Amino acid sequence: MRLFKIFVILFFTWFTLPIQAENGVSSPYTRYGFGQLSAMETGVNKGMGGAGIGVHNSNQINMLNPASYAAVDTLTFLLDVGMSMSNTRFSEGVARVNSNSATFDYIAMQFRLAPRLGVTIGLTPFSNIGYDFGETKTIQNDDMSKIDATSRYYGLGGLRQVTFGLGYMPIKGLAVGTNLSYVYGEAYHYVYNQYSDASISSRVRQYRSDVSTYNAELGVQYQAVAGKSKFTLGTTYQFGHDIDDKVYVIETMEQINDTISDRGVLSMPSSYGFGLSYSFDERLTIAVDYSLQRYGDVEFFGEKGVNRHRGAFGVEYIPEHFTRKLFRRARYRAGVHYATAHYMVDGKPGPTEYGAVVGIGLPIMNRWNGQSVINISGQYIHVRPNAPGMITENSLRLNIGLSLNETWFNKWRVQ
């Protein structure tokens, strides 16, 4: 029960934090679309490159496919929290800039509600926005004189999602599930234009959206067993829909009243996910995922998005399950992933992301608990532009997660 109290405190602390506060993200590409998208990955998924749609495991919270919730053990309560720290180098031509950031990534709990029925509740980011950069150009005035035009681009905010999920196993080997999420948050983008000629008025444009909507996702997993080998096939589908909340552009010029224009509505895209995993003797797990998010059907402030493709491959290996030797019982992980952008940049597709990760799950072994794990992974991410003149990003990220496993509902025995 003490883990449940911890979950409630952390959940409501993060839920009530203002979304427009600093979120630890710093990337000029968060200026576009919904910003930097986040998957519902826990520490295990992060250590395996983000794979998990086809993973069905009783000792981890896997929010990438709600059908996996049916695997939770009868007496188990799981609490998982995670954070990350990163160092990013931005480069364009010979220019180089470094940035450090830290984020609190997720909090989730899982337990069994009834026989073959598991429940998960979690709070995760949906997207993050954070950037501040500028440029100065020399332009020619109407009288043929030259002036300096300075533009500053600044943005903050993002979206979060509170998820309630159910996973049910109607027959042995087949599991179905659903994630219902409340998505909320704010996005602010500012463009400041100033000129060295005092006769030209400065201008401020604010692109603003306040989002309060939902997401609904279905998941299915089927597992076949052959001796010590297990094969699991998983698939997910998320429903697309329009968001009632509108987006606006507010333009301010010196000595002129604000001009407010309506830029229509936002939409949540439909998406498809497919995953396959192979497990041998509960010690070796190999997983591969592919997902398609149909952002080509979505507009952002009047500009069309593009469909987003994402692939992931991951491996986990446990030398021994029952031993007092820490590093023989540890869970070693590695993975790779790639993802295309969900937005356009100056009429061209946005950058492509590539990543590689290695990680370890260190069990917490004491006289009371042998199932809890500290998940640590080191990740390299390369964001490569698809057009000249765009910014390249190279990031080193440290992910730290704590997965607490507590036994519930045990009956006291009197001897």
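Everything below is about the structure shown above.
Here's a quick rundown of the structure. None of these values were measured; they are calculated from a predicted model. (Residues numbered from 1 in each chain as written. Predicted model: local features only at pLDDT ≥ 70, side-chain atom pairs only at ≥ 80, totals over all residues. Heavy atoms only, no water.)

1. Considering a nonpolar patch on the surface
Line of reasoning, step 1. Together, Met83, Met85, Phe104, Ile374, Ile376, Leu398 and Ile400 line one region of the surface with nonpolar side chains, adding up to about 480 Å² of accessible area.
Line of reasoning, step 2. If you list the elements that add at least two residues to the nonpolar patch, you get β2 (76-92), β20 (373-384) and β21 (392-407).
Line of reasoning, step 3. Judged by relative accessible area, which is 32%, Ile374 ranks as partly exposed. (Patch = residues over 30% accessible without salt bridge, like charges linked within 9 Å, V, L, I, M, F, W, Y side chains within 5 Å. Areas by Shrake-Rupley, 256 points an atom, 1.4 Å probe, with all protein chains shown as cover. Salt bridge = Lys/Arg side-chain N within 4 Å of Asp/Glu carboxyl O. Helix = DSSP H or I, 4+ residues; strand = E, 2+ residues; numbered from the N terminus. Buried < 20%, exposed > 50% of the residue type's maximum accessible area, 1.4 Å probe, protein only.)

2. Quick notes on the environment of Thr213
Line of reasoning, step 1. The residue Thr213 is located in strand β7 (residues 203-226) in this model.
Line of reasoning, step 2. Sequence separation between Thr213 and Asp244 is 31 residues, and the spatial gap between their C-alpha atoms is 7.8 Å.
Line of reasoning, step 3. When near neighbours in sequence (up to four residues on either side) are disregarded, Thr213 contacts Ser181, Tyr182, Val183, His241, Ile243 and Met268. (Contact = heavy atoms within 4.5 Å.)

3. Regarding the nonpolar core
Line of reasoning, step 1. Counting residues in hydrophobic clusters, the biggest one holds 19 residues, and the most contacted among them are Phe34, Phe126, Leu159, Leu266, Tyr295 and Phe300.
Line of reasoning, step 2. Taken together, the elements giving at least two residues each to this core come down to β4 (117-140), β5 (146-171), β6 (174-195), β7 and β10 (256-268).
Line of reasoning, step 3. Ranked by size, the runner-up nonpolar core spans 11 residues in total, among them Phe77, Ile107, Val119 and Val162. (Core = buried A, V, L, I, M, F, W, Y, C linked by side-chain atoms within 4.5 Å.)

4. Overview of the pairing of β6
Line of reasoning, step 1. Bridge count for β5 against β6 is 21 bridges, and the pairing is antiparallel. When the sheet's bridge partners are listed, Leu156 is paired in β6 with Tyr188.
Line of reasoning, step 2. Adjacent in sequence and paired antiparallel, β5 and β6 are bridged by two residues, among which Gly173 carries a positive phi angle near 95 degrees.
Line of reasoning, step 3. Strand direction decides the pairing type here: β6 and β7, joined by 20 bridges, are antiparallel. Within β7, the position partnered with Tyr190 by the bridge is Gln206. (Pairing = 2+ DSSP bridges.)

5. Focus on the pattern of salt bridges
Line of reasoning, step 1. Within this structure, the stated rule accounts for nine salt bridges.
Line of reasoning, step 2. Between Arg294 and Asp297 there is a salt bridge whose closest N-O contact spans 3.3 Å.

6. Brief notes about unusual backbone geometry
Line of reasoning, step 1. Phi at Asp281 takes a positive value of approximately 60 degrees, unusual for a residue other than glycine.
Line of reasoning, step 2. Mapped onto the fold, Asp281 is located in the loop between β11 (271-280) and β12 (284-293).
Line of reasoning, step 3. For Glu282, which is not glycine, the phi dihedral falls at a positive 60 degrees.
Line of reasoning, step 4. Locating Glu282 in the fold gives a position in the loop between β11 and β12.

7. Some words on the environment of Ile147
Line of reasoning, step 1. You can see Ile147 is positioned in strand β5.
Line of reasoning, step 2. C-alpha of Ile147 to C-alpha of Ser196: the two residues are 49 residues apart in sequence and 5.8 Å apart in space.

8. Observations concerning the packing of aromatic side chains
Given two aromatic rings, one states the distance between the centres and the angle between the planes to describe the pair.
Line of reasoning, step 1. One pass over the full model with this rule turns up 13 aromatic pairs.
Line of reasoning, step 2. Arranged with centres 5.7 Å apart and planes meeting at 85 degrees, the rings of Phe34 and Phe126 form a pair that is edge-to-face. With Phe34 in the loop between α1 (2-15) and β1 (36-37) and Phe126 in strand β4, this pair connects stretches of sequence that are 92 residues apart.
Line of reasoning, step 3. Judged by relative accessible area, Phe34 falls into the buried class, the value being 6%.
Line of reasoning, step 4. For the pair Tyr237 and Phe239, a centre-to-centre distance of 5.0 Å together with 85 degrees between the ring planes defines the contact as edge-to-face.
Line of reasoning, step 5. Residue Phe239 is classed as partly exposed on the basis of its relative accessible area of 37%.
Line of reasoning, step 6. Here a set of aromatic residues connected by ring pairs shows up, and it is made of Tyr154, Tyr188, Tyr190 and Tyr192.
Line of reasoning, step 7. The ring of Tyr154 is capped by Arg152, whose NZ or CZ atom sits 5.2 Å from the centre of that ring. (Phe/Tyr/Trp six-rings, centres within 6.5 Å; stacked < 30°, edge-to-face > 60°. Lys NZ or Arg CZ within 6 Å of the ring centre and 35° of its normal.)

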